[in-house]
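# Architecture and fold: a report
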Amino acid sequence: MPAVAYRKSLPIDDPESLVDVELPIPEPGPRDLLVRVEAVAVNPIDCKVRHNTDPAGEPKVLGWDAAGTVVAVGSDVRLFRAGDEVYYAGAIDRPGANSRYHTVDESLVGRKPVSLSFAEAAALPLTSLTAWEGLFERLGLRTGALEQTGTLLVTAAAGGVGSMVAQLARALTSLTVIGTASRPETAAFARRMGVDHVVDHMKPLAPQLAEVAPGGVDHVFSTTGTEGNLSVYAEVLKPFGRIVAIDDIDSLPMGLLKAKSIAFHWESMYTRSRFATVDRAMQHHILTQVARLVDAGILRTTATRDLGPVDAANLREAHRLQESGAAVGKTTLTWF
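Residues numbered from 1 in each chain as written. Predicted model: local features only at pLDDT ≥ 70, side-chain atom pairs only at ≥ 80, totals over all residues. Heavy atoms only, no water.

## Focus on the sheet that holds strand E9 (residues 151-154)
Sheet strands line up and pair through hydrogen bonds in the backbone, either parallel or antiparallel. Read across the open sheet, the six strands follow the order E11-E10-E9-E12-E13-E14; overall the sheet is parallel. Looking at strand neighbours, the two that pair on one side only are strand E11 (197-199) and strand E14 (263-266), the edges of this open sheet. With strand direction ignored, the average angle separating the axes of adjacent strands in the sheet is 20°. In terms of strand pairing, strand E13 (residues 237-245) meets E14 through four bridges, oriented parallel. The residue of E14 that forms the bridge with Ile243 is Phe264. Where helix H6 (residues 205-212) meets the sheet, its contacts fall on E9, strand E10 (176-180) and E11, and the angle it forms with E11 comes to roughly 160°. (Pairing = 2+ DSSP bridges. Helix = DSSP H or I, 4+ residues; strand = E, 2+ residues; numbered from the N terminus. Axes fitted to C-alpha atoms, helices over the stretch in contact; angles between N-to-C directions. Contact = heavy atoms within 4.5 Å.)

And the structure:
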């Protein structure tokens, strides 16, 4: 089958950083689906793995956002059957989905929203799972609890995760959502995604937040910049506030949070799959709920550009865009 892989960690402008390869079609395990991949999306994790994991010459396939059609199922599969259209992010410790066929544990998969194309659906799984788990599991918000008021700050609100956090918070809570963005196009996109107020993360945040939330902030969803912004969070959060962070940080001055008894949480949507937690089927249920909200017109795809066929040249361009920091929403590619 055709696939795109890398054999050595290289800068994305090197033509060998991602290459077209032919690989055997994988065999599904007992709980696996074999999916014919129709579209994929690119996330920061693709670039991080490419930079930080050297496969020593063996082809390593990236890609942890996919939509496609089930063509075969393992012996113990109960949730799906051949012909089902699905979407998922999969598991970080298994091969990615930048291949024509892909195997994935059924507990991590949802049925594709029927109102979306494969490309539009492929933009959603990883960011929806991260946003949902961060909001409703780590921050402890209640879905549909419209009496639960307060203020939520989300950084990089025009990014993949930030734009899903804004949508879910707007749809399922009564929180006032403040998003950070620094360019007119990203600020406009964040507002379309449900942000009530936009502040510029290229300028000091505390004075801007004091203007739009003079009483303070209740929750922070930090998608990037946590290390540099922790002192700001400690200043603007109310006593007993909460922070959830998803970026990579080796150490933080956590003592800044003690005086106000501020809680700090990590969120990684790969925890359930990586450690085979007993509740990993929650990701199937979350994706099912997201699909229902999309088909009801409550949530929308965050796909903003499709670069065409899934091949090495187009994926290199997608990685380049991701690494530039200028991407708005999600970039997708489609098999033909």
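There is more to say after this.
## As for the packing of H6 against helix H7 (residues 226-236)
Helix-helix packing: each pair is described by the crossing angle between the helix axes and the interaxial distance. In the contact formed by H6 and H7, the axes pass within 10 Å of each other and the chain directions differ by 30°. One finds that H6 runs roughly parallel with respect to H7. Of the two possible hands of crossing, H6 and H7 adopt the one that is right-handed. Seen from H6, the contacting residues are Leu205, Ala206 and Leu209; seen from H7, they are Asn229, Val232, Glu235 and Val236. Looking at side-chain class alone, the contact of H6 with H7 contains five nonpolar, one polar and one charged residues. (Parallel < 35°, antiparallel > 145°, perpendicular 65-115°, else oblique. Left-handed = near helix turned anticlockwise from the far one by under 90°. Nonpolar A, V, L, I, M, F, W, Y, C, P; charged D, E, K, R; others polar.)

## A few points about unusual backbone geometry
Leaving glycine out, the prevailing phi sign among residues is negative, and the prevailing peptide bond configuration is trans. Here Ala156, not a glycine, exhibits a phi torsion of approximately 50°, which is positive. As for its placement among the helices and strands, Ala156 is situated in the loop between E9 and helix H4 (160-172). Here the phi dihedral of Ala276 falls at roughly 45°; this positive angle occurs in a residue that is not glycine. Mapping Ala276 onto the fold places it in the loop between helix H8 (271-274) and helix H9 (282-295).

## Side note on the side chain of Glu38
Position of Glu38 relative to the elements: it lies in strand E3 (residues 32-42). Under the relative-accessibility criterion, Glu38 is labelled buried at 12%. (Buried < 20%, exposed > 50% of the residue type's maximum accessible area, 1.4 Å probe, protein only.)

## Some thoughts on the sheet that holds strand E4 (residues 60-61)
Strand order in the open sheet formed by three strands is E2-E1-E4, with antiparallel pairing between adjacent strands. Both outer strands of the open sheet, strand E2 (19-22) and E4, are each paired with one neighbouring strand and no more. Strand direction decides the pairing type here: strand E1 (residues 2-6) and E4, joined by two bridges, are antiparallel. Bridged to Tyr6 within E4 is Lys60.

## Some words on the packing of aromatic side chains
On inspection of all chains with the given rule, the structure shows two aromatic pairs. A ring pair is formed by Trp132 and Phe136, whose centres lie 5.1 Å apart and whose planes are at 65°; its orientation type is edge-to-face. Highlighted residues: Trp132 and Phe136, both in helix H3 (residues 125-138), separated by four residues, approximately one helical turn. By relative accessible area, Trp132 is classed as buried at 10%. In this structure Phe136 comes out as buried when scored by relative accessible area, which is 10%. Ring centres 5.1 Å apart and planes at 80° place the aromatic pair Phe264 and Trp266 in the edge-to-face group. The buried category is assigned to Phe264, whose relative accessible area is 18%. We note Lys112 situated over the ring of Phe118; from NZ or CZ to the ring centre the distance is 5.2 Å. (Phe/Tyr/Trp six-rings, centres within 6.5 Å; stacked < 30°, edge-to-face > 60°. Lys NZ or Arg CZ within 6 Å of the ring centre and 35° of its normal.)

## Section: the environment of Ala312
Tracing the chain through its elements places Ala312 in helix H10 (residues 312-324). A relative accessible area of 2% places Ala312 in the buried class. Sequence separation of Ala312 and Phe189 is 123 residues, and the distance between their C-alpha atoms is 29 Å. Apart from the residues lying within four places of it in its own chain, the contact partners of Ala312 are Val4, Leu18, Val19 and Asp20.

## A look at the pairing of strand E5 (residues 66-73)
In summary, the side chains of a regular strand alternate between the two faces of the sheet. In terms of strand pairing, E3 meets E5 through seven bridges, oriented antiparallel. When the sheet's bridge partners are listed, Arg36 is paired in E5 with Thr69. Alignment of E5 against strand E6 (residues 85-88), held across four bridges, turns out to be antiparallel. Paired with Ala66 across the bridge in E6 is Tyr88.

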